[in-house]
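Each chain, letter by letter, is given below.
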Amino acid sequence: MSDRPYVTVNCAVSLDGYLDSADPPRLQLSNAADFDRVDELRARSDVILVGARTVRRDNPRLLVRSTERQARREASGAERSPWKATVTATGDLDPQAAFFTEGDFRKLVYCPRQEERRIGRRLGHVAEVVGLGAEVRMADLLDDLGGRGVRRLMVEGGGVTLTQFLAEGLVDELTVAIAPFFVGDRRAPRFVGDAVLPWSAERHATLVEVRPIDDVVLLRYALSGRFEGAAAAVADRRASGDRGVDA
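Note on numbering: residues in each chain are counted from 1, in written sequence order. Where local features are concerned, this predicted model is filtered to residues with pLDDT of at least 70; where side-chain atom pairs are given and counted, the filter is 80 or more; whole-chain, interface and lining totals use all residues. Note that the side-chain values use all heavy atoms of the structure and ignore hydrogens as well as water.

**Q** Help me understand unusual backbone geometry, please; the structure alone is not making it clear to me.
**A** When glycine is set aside, most residues are seen to have a negative phi, and most peptide bonds are trans. Cis rather than trans, the peptide bond between Pro24 and Pro25 has omega equal to 0°. Counting through the fold element by element, Pro25 comes out in the loop between β1 (6-13) and α1 (32-43). If you check the backbone angles, Asn59 has positive phi at about 50° while not being a glycine. Note on placement: Asn59 falls in the loop between α2 (52-58) and α3 (67-75). Buried residues are those whose accessible area, probed at 1.4 Å on protein chains only, stays under 20% of the maximum for their type, while exposed residues exceed 50% and partly exposed ones sit between those limits. Since its relative accessible area comes to 41%, Asn59 is described here as partly exposed. Phi at Leu62 is positive, roughly 60°, even though this residue is not glycine. Strands here are runs of E lasting at least two residues and helices are runs of H or I lasting at least four, both read from the DSSP assignment and numbered beginning at the N terminus. Considering the arrangement of structural elements, one finds Leu62 in the loop between α2 and α3. A relative accessible area of 2% places Leu62 in the buried class.

**Q** In this structure, what is going on with the packing of aromatic side chains? I would like to understand it.
**A** To describe a pair of aromatic rings, one takes the distance between the centres and the angle between the planes. Note on aromatic contacts: the rings of Phe and Tyr and the six-membered ring of Trp form a pair at centre separations within 6.5 Å, being stacked when their planes are under 30 degrees apart, edge-to-face when over 60 apart, and tilted otherwise. In this structure the tally under the stated criterion is one aromatic pair. Over the ring of Phe99 we find Lys84; its NZ or CZ atom is 5.7 Å from the centre of that ring. When the NZ atom of lysine or the CZ atom of arginine is within 6 Å of a ring's centre and also within 35 degrees of its normal, the charge is said to sit over that ring. One residue, Arg106, lies across the ring of Trp83, its end atom 4.7 Å from the ring centre.

**Q** Even after reading the chapter, I still don't get helix α7 (residues 159-167), so can you show me in this structure?
**A** At 3.6 residues per turn, the α-helix brings residues three or four places apart onto the same side. Taken residue by residue, α7 has Gly159, Thr161, Leu162, Thr163, Phe165 and Leu166 as its buried positions. Those residues of α7 hidden inside the fold are in contact with β1, β2 (47-51), α6 (138-147) and β6 (152-157). Gly169 sits one or two residues past α7 and shows a positive phi near 65°. Contacts are assigned to residue pairs that have any heavy atoms within 4.5 Å of one another.

**Q** Got a minute to help me understand the pairing of β2 in this structure?
**A** A regular strand places its side chains so that they alternate between the two faces of the sheet. Of all five residues that make up β2, five are buried, and the element is covered over most of its length. Side chains of β2 alternate between two faces, with Val47, Leu49 and Gly51 and Ile48 and Val50 buried alike. Any two strands with at least two DSSP bridges between them are considered paired. Across five bridges, β2 lies against strand β3 (residues 83-87) in parallel orientation. When the sheet's bridge partners are listed, Val50 is paired in β3 with Thr86. As judged from the four bridges shared by β2 and β6, these two strands associate in the parallel manner. Its bridge partner being in β6, Ile48 is matched across the sheet by Met154.

**Q** What is the right way to read the pairing of β3 from this model?
**A** With five of five residues buried, β3 lies mostly within the body of the structure. Residues Trp83, Ala85 and Val87 of β3 are buried on one face, and the alternating residues Lys84 and Thr86, pointing to the opposite face, are buried as well. Here β3 pairs with strand β4 (residues 107-111) via four bridges, running parallel. Among the inter-strand pairings, Thr86 is bridged to a residue of β4, identified as Val109.

**Q** How should I be thinking about the confidence of the model for the chain in this particular structure?
**A** Counting all residues, the mean pLDDT for the chain is 93, and 91% of those residues have values of 70 or more. Confidence of the prediction at every residue is given by pLDDT, a number between 0 and 100. Every residue in residues 243-247 scores below 50 in pLDDT, and together they form nine contacts with partners more than four places removed in sequence or on other chains.

**Q** Help me understand the nonpolar core, please; the structure alone is not making it clear to me.
**A** The nonpolar side chains of soluble globular proteins are, as a tendency, buried together. Take the buried residues of types Ala, Val, Leu, Ile, Met, Phe, Trp, Tyr and Cys, join any two whose side-chain atoms come within 4.5 Å, and each joined set is a nonpolar core. Tyr110, Leu141, Leu153, Phe165 and Phe191 are the most contacted members of the largest nonpolar core, which totals 34 residues. Beyond its immediate sequence surroundings of up to four residues, Phe191 is in contact with Cys11, Val13, Gly17, Leu19, Gly159, Leu162, Thr163, Leu166, Leu174 and Val176. Among the nonpolar cores identified, the runner-up in size contains 15 residues, and Val50, Ala52, Phe99 and Ala127 belong to it.

**Q** What am I meant to see in the sheet that holds strand β9 (residues 216-222) here?
**A** Within a sheet, neighbouring strands are paired by backbone hydrogen bonds and run either parallel or antiparallel to one another. On the basis of which strands lie adjacent, the open sheet formed by nine strands has the order β5-β4-β3-β2-β6-β1-β7-β9-β8 and mixed pairing. Of all strands in the sheet, those bounded by a partner on one side alone are β5 (128-131) and β8 (206-213). Pairwise comparison of adjacent strand axes, ignoring direction, gives a mean angle of 20° for this sheet. In this sheet, β9 lies alongside strand β7 (residues 173-178) in antiparallel orientation, the contact comprising six bridges. Axis lines are fitted to C-alpha atoms, over the contacting stretch for helices. Their N-to-C directions set the angle, which ranges from 0 to 180 degrees.

Written out as C-alpha cells, the structure is:
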C-alpha cells in the first residue's frame, strides 16, 4: 500500500445524487469557481483517470487549463498536465477522442490481459495499452501506477469507476461538489452504483471540510489513514466545539 499513489476521487452531483442527465448534452453541475478548484486538483496530480464510458460520453480533454498552473508544473520538472488513464473491458474507444489527441504526454489504457493485443492494435498508436489480469482490479492498476513512479492519482468518473475505487477501499480523499438542483430521472447515471462499501451507518466517513463555492457546496472527506493530518484537525475542532464548517 505504501507504494500506491495517493487517490483523490472528485466529482460533482445533483441534490439527488446524479452525475449527469440521462440525455445529451452534458449537464453542468458545477460553476466557474469550482471548475477552478478542480483545475488546481489536476495540477497537483500525476495522473487523471476516468472510465471508458466517460471518454465515450463526455469526450473530456482532462487538461490543466490555467497557464499559471501549467508553468508551475513545468518549473517543477513535470509536464504541463498530468498523464491520463482509462479503463476498458472492450477497447470500444475512438482513437480521435480528445482523451488521446489533446496533450503531448502519456496516455494509459488499462484492460483485461486477454484483450491487450486486440485493443493494442486499435489504440496502441495513441496510447500505451496495459493488460491486468482476467479483469482489471483497481488495486492492480494502482500497483502498476506506483511502479511507474506515480504518487498522486485523481479519479474523476464515471459512476462505475468511482464505485469500484470506493468499494475496494482504495480512496484516500473524497471531494464532492453538490449542485443546487435535482435531476429526478432514474435513467441518469448515479454517483455510486450497487456495491458493498466500507462506509455505512455503522462506519462513518470522516468529514474534514464543508465549503460554499458560490452556489455549490463542497464536501471533503478523509477515507484513509493517509489523510491523518486532516482527520486529526477535525478531531481537534470537534473537541473544541467547532463543527468545522468554513463559511
